[in-house]
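# Per-entry structural report
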Amino acid sequence: MTTYLITGANRGIGLALARSLLSQGRRVIGTARDPSGAGDLAAGGAEVMPLDVADESSALALARSIGERPIDVLINNAGVYNDHAGLEATDLGRFMDCMRVNVAGPIAVTLALLPALGRGERRLVVNISSVMGSIERTTSGGSYGYRASKAALNMVTRTLAVDLATRRIAAVAIHPGWVETDMGGPGAHLRPAEAGAHLARTIERLTPADSGRFVDYTGAALPW
Ligand SMILES: NC(=O)c1ccc[n+]([C@@H]2O[C@H](COP(=O)([O-])OP(=O)(O)OC[C@H]3O[C@@H](n4cnc5c(N)ncnc54)[C@H](OP(=O)(O)O)[C@@H]3O)[C@@H](O)[C@H]2O)c1
């Protein structure tokens, strides 16, 4: 049975994606910073494990808990968007928090889980990015930390695709759409359940030939 590991799966897009995959009979390990607050995830049938992606030792502890089990698909979903401010109000502490969680986090988790990914059949890393990280698509200002972190995550994805090719592990960046979560807010285009279903379908269709691509939740190519 295909095993997915989703970071930040206790709420929002991660939870919706976990539910969609579980409904299709997939095995899901969902991580949460606080597993005691991940009742919805556990109730859906996921195995819940603790993980703070901003803490390298937490990623290593997760890998130890996985042990010799294979992970087919790693979905680096956990993220923060903490800087809606404009240029003058940019807070460099928040900027660095964005980089730590949204960029360093996926690198640390991917590195820690490389042996488990190597034991999997699918051998796929999905980084949940954002169109806000698309340099070509950027026409409005502000949100320096979030935009820069997602642009950097796109570069991380492309570089992982190169570095992991010899291990036959693919890496793909996906924009999940504008989704009505705590992060997306009200008025977003997609309900979480819709986004989860779209993402599950698109991720299931990815092949090794997609490695190094930046796509949206339908699988359509996005400009870097
Ligand atoms: N919603 C949108 O419209 C949208 C659009 C484009 C891209 N995205 C991306 O989609 C992903 C999920 O977003 P969302 O809308 O579901 O956000 P959300 O509702 O705010 O949920 C964020 C998730 O990330 C977790 N998280 C935050 N910091 C973490 C850390 N240090 N370690 C582990 N987990 C951490 C949160 O856990 P806690 O509950 O412990 O805080 C929560 O589970 C993010 O990468 C986001 O950038 C979202």
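Reading guide: rules and limits
Residues numbered from 1 in each chain as written. Predicted model: local features only at pLDDT ≥ 70, side-chain atom pairs only at ≥ 80, totals over all residues. Heavy atoms only, no water. Helix = DSSP H or I, 4+ residues; strand = E, 2+ residues; numbered from the N terminus. Rg over C-alpha atoms; globule rule 2.2 N^0.38 Å. Buried < 20%, exposed > 50% of the residue type's maximum accessible area, 1.4 Å probe, protein only. Contact = heavy atoms within 4.5 Å. Areas by Shrake-Rupley, 256 points an atom, 1.4 Å probe, with all protein chains shown as cover. pLDDT = per-residue confidence, 0-100. Pairing = 2+ DSSP bridges. Axes fitted to C-alpha atoms, helices over the stretch in contact; angles between N-to-C directions. Near = heavy atom within 4 Å. Polar contact = N/O pair within 3.5 Å; in protein donor to acceptor, adjacent residues only side chain to side chain. Nonpolar A, V, L, I, M, F, W, Y, C, P; charged D, E, K, R; others polar.

## A closer look at the overall build of the protein chain
When helices and strands are tallied, the protein chain shows 6 helices and 7 strands. Shown N-terminal to C-terminal, the secondary structure of the protein chain runs as helices and strands in the order β-α-β-α-β-α-β-α-β-α-β-α-β. Computed over the C-alpha atoms, the radius of gyration of the protein chain is 16 Å, within 12% of the 17 Å expected from 2.2 N^0.38 for a compact globule of 224 residues. In terms of its C-alpha atoms, the protein chain occupies a principal-axis envelope of roughly 50 × 40 × 35 Å. Buried residues in the protein chain amount to 49% of all 224 residues. The long-range fraction of contacts in the protein chain, counting pairs at least 24 apart against all pairs at least 6 apart in sequence, stands at 66%. In the form shown here, the protein chain has an accessible surface area of approximately 10300 Å², with 54% of it arising from carbon and sulfur atoms.

## Focus: unusual backbone geometry
Despite not being glycine, serine 143 shows a phi value in the positive range, around 50°. The residue serine 143 is located in the loop between strand E5 (124-128) and helix H5 (144-163) in this model. With a phi close to 60°, arginine 168 is a non-glycine residue in the positive phi region. Inspection of the secondary structure assignment puts arginine 168 in the loop between H5 and strand E6 (170-175). Residue classification places arginine 168 among the exposed residues on the basis of a relative accessible area of 59%.

## Some remarks on the confidence of the model for the protein chain
Counting all residues, the mean pLDDT for the protein chain is 97, and 100% of those residues have values of 70 or more. Mean pLDDT per element in the protein chain: helix H2 (residues 39-43) is the minimum at 97, and E5 is the maximum at 99.

## Quick look at the sheet that holds strand E3 (residues 47-50)
Strand order in this open sheet of 7 strands is E3-E2-E1-E4-E5-E6-E7, and the pairing throughout is parallel. Single-partner strands in this sheet number two, and they are E3 and strand E7 (214-216). The mean angle between the axes of side-by-side strands here comes to 25°, regardless of whether they run parallel or antiparallel. Relative to E5, strand E4 (residues 73-76) runs parallel, the two sharing 4 bridges. Note on E5: the bridge partner recorded for leucine 74 is valine 125. Contacts from helix H4 (residues 92-118) reach strand E1 (3-6), E4 and E5, with the element oriented near 170° to E4. Against the sheet, helix H6 (residues 192-205) engages E1, E4, E5, E6 and E7, with an angle of about 155° to E6.

## Some points on the site of the ligand
Residues in contact with the ligand amount to 29 residues; listed here are only the nearest, Asn10, Arg11, Arg33, Tyr146 and Thr181. Within the contact set of the ligand, an oxygen atom lies 2.7 Å away from a side-chain nitrogen or oxygen of asparagine 10. One nitrogen or oxygen atom from the main chain of isoleucine 13 is found 2.8 Å from an oxygen atom belonging to the ligand. Partitioned by chemical class, the residues of the shell around the ligand number 13 nonpolar, 11 polar and 5 charged.

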